[in-house]
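Examining the three-dimensional arrangement
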Amino acid sequence: MSRTAEEIGRTEVGPRPLPPLGEQRAATNLSVVDTVLDHGLRVIAVHQPTVPMVEVRLRVPFAGAESAHAATAEVLAAAILTGTESRDRVAVDTELALVGGELSAAVDPELLSLGGNALASGFDTLLAVLADALTGATYADDEVAGEKARLIERISVAKSRPNVIARQALQRHRYGDHPFTRELPEAADVAEVEPADVRALHQAAVLPRGSVLVLVGDVEPERAVAGAAAALGGWQSDAAASVLPALPPITPGDLLVVDRPGAVQSQIRLSAQSITRTDPRYPALQLANLTFGGFFSSRLVENIREDKGYTYHARSYPEFTPDGATLLIDTDTASDVTAAALLEIRYELGRFALVAPDEAEVEIVRQYAIGSLLTSTSSQGGLASQIAALAVLGLGVEWLIGHPDRLKAVTAAEVAEAAQEFFAPTRFTGIIVGDVEKLAPLARIGGVRFP
């Protein structure tokens, strides 16, 4: 007679005890080549033959000080794969499709990113199409016009979204007019971009020296590097890709209220200066952040979501920036409980700095951190993206392999020290976006500045 899972999981005296978690092991036997080609491109190739595919991630530093740079860069990213001197858009898509592949491009104030994948048997084709885009993208007038129209529509929609409004306000509050704040160009600026502007930017800024190419999959690393060197040999320049200037440190202080008339919700965004992954305190800070607000069972979520019901979503997380890092806390809440939610966030920050997490609390987030890292790097795509993110910070595969052991070595006392140092309420500043007429109670709890 068959039994249900519930029946199997119980005995006459109650539920069967769950077995202990097995040891979580990082992949330590990866075959890796990390080298710099003659023209300055760093190539990291990793053999991970879990499936017969190969992943590619290219990161090109792509900073620009001019106000028009963000708009031109967005058009470039949208149009770079629409055709070359030897392949039109249809040919690009067809060649990739024939090897089960795809490529896409995106840009932000720091980087131009190209990425995709293909069957391992189509590795050379994938590299050939990528190289052709890097060295021969034509930015045909009609293709640029079409991509501009789509971008303008997308930007217009995005700028009406509360989370985008809040992000832009936070960036201005933290960094003023630094180029890092230009994450989304104005639609009017995009409309002014001409194909000649895009071609000129490509010529001046899509450069190998200082860029990073990551290759992960069912291909031997030496073969992958040799293939990249051959395919990208024509991508040449004596200049180096443009890196963003360092950001000014965040100045703690009052939260700025940004008026959004008619809004029924408020966006609360707090931020403080933090440390990079190479700092010896970083593993303890990572566990401290998870304990405070970095996963669903964190202190912040338990308070303002589960207990108070002020929000559906709340989190804290690190953001790695040029030459540094910050901590962010964000949540969205109804206008009438905005002040109460902010009060509870401040309370949890203060409590976290004073009431240290115990051993059990630390062990839960430790297992979560290690498990999440191993899960995110178990696929070829996940591993490639993680390596690419680390590579632009100057790190390599060895950092990724060694991080679970660093997390295992963190003590509860070290997590408490990180909580006291980095989560003190006086270290934060930020913004609140909402309808000012509904946010009068904020004035009674202080620490906010109205427009």
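Residues numbered from 1 in each chain as written. Predicted model: local features only at pLDDT ≥ 70, side-chain atom pairs only at ≥ 80, totals over all residues. Heavy atoms only, no water.

1. Looking at the overall build of the protein
In terms of regular secondary structure, the protein is built from 17 helices and 14 strands. In terms of overall dimensions, the protein is globule-like: its C-alpha atoms have a radius of gyration of 25 Å, near the 22 Å expected for 451 residues. A total of 451 residues make up the protein; the buried ones form 50% of that total. Taking the intrachain contacts of the protein between residues at least 6 apart in sequence as the baseline, contacts between residues at least 24 apart amount to 81%. Accessible area for the protein stands at about 20600 Å²; split by element, carbon and sulfur atoms hold 54% of it. With 38 positive and 58 negative side-chain charges, the protein shows a separation of 5 Å between the mean positions of the two kinds. (Helix = DSSP H or I, 4+ residues; strand = E, 2+ residues; numbered from the N terminus. Rg over C-alpha atoms; globule rule 2.2 N^0.38 Å. Buried < 20%, exposed > 50% of the residue type's maximum accessible area, 1.4 Å probe, protein only. Contact = heavy atoms within 4.5 Å. Areas by Shrake-Rupley, 256 points an atom, 1.4 Å probe, with all protein chains shown as cover. Lys, Arg positive; Asp, Glu negative; His and termini not counted. Charge placed at Lys NZ, Arg CZ, Asp CG, Glu CD.)

2. A word on helix 9 (residues 221-231)
Listed in full, the buried residues belonging to helix 9 are P221, A224, V225, G227 and A228. Summarising the axial view, the buried residues of helix 9 lie within an arc of 160°, below the 170-degree limit, and thus occupy one face. Relative to its buried face, helix 9 has exposed residues pointing more than 90 degrees away, namely E222 and A230. Check the buried side of helix 9 and you find it contacts strand 3 (31-36), strand 4 (42-47), helix 4 (123-136) and strand 8 (212-217). (Arc of directions from axis to C-beta.)

3. Some thoughts on the pairing of strand 12 (residues 324-334)
With respect to burial, strand 12 is a largely interior element, nine of its 11 residues being buried. Of the strand pairs in this sheet, strand 10 (residues 265-273) and strand 12 are connected by nine bridges, and their pairing is antiparallel. Within the sheet, the bridge partner assigned to Q273 lies in strand 12 and is T326. Note: strand 11 (residues 314-321) against strand 12, eight bridges, orientation antiparallel. When the sheet's bridge partners are listed, Y317 is paired in strand 12 with L328. Count of turn residues in the strand 11/strand 12 antiparallel hairpin: two residues, of which D323 carries a positive phi of about 65°. (Pairing = 2+ DSSP bridges.)

4. A look at the environment of Q273
Looking at where Q273 falls in the secondary structure, it is placed in strand 10. Spatially, the C-alpha atoms of Q273 and A158 are 27 Å apart, while their sequence positions differ by 115 residues. Look past the residues within four positions of Q273 in its chain and what remains in contact with it is P249, I250, A325, T326, F422 and R427. A polar side-chain atom of Q273 sits 3.2 Å from the main-chain carbonyl oxygen of A325. (Polar contact = N/O pair within 3.5 Å; in protein donor to acceptor, adjacent residues only side chain to side chain.)

5. Observations concerning helix 3 (residues 89-98)
Where helix 3 starts, the residue carrying a side-chain oxygen 3.2 Å from the main-chain nitrogen of V90 turns out to be D88. With its phi angle positive at about 65°, G100 sits one or two positions after the end of helix 3.

6. A short note on the UniProt feature "domain: Peptidase M16 C-terminal" (unreviewed entry) in the protein
Within this numbering scheme, the UniProt entry marks residues 194-366 as carrying the feature "domain: Peptidase M16 C-terminal" (unreviewed entry). What you have in residues 194-366 is 40% helix and 23% strand, and the ends, taken at the C-alpha atoms, are 51 Å apart. (UniProt positions renumbered as here; feature names shortened; annotations may be inferred.)

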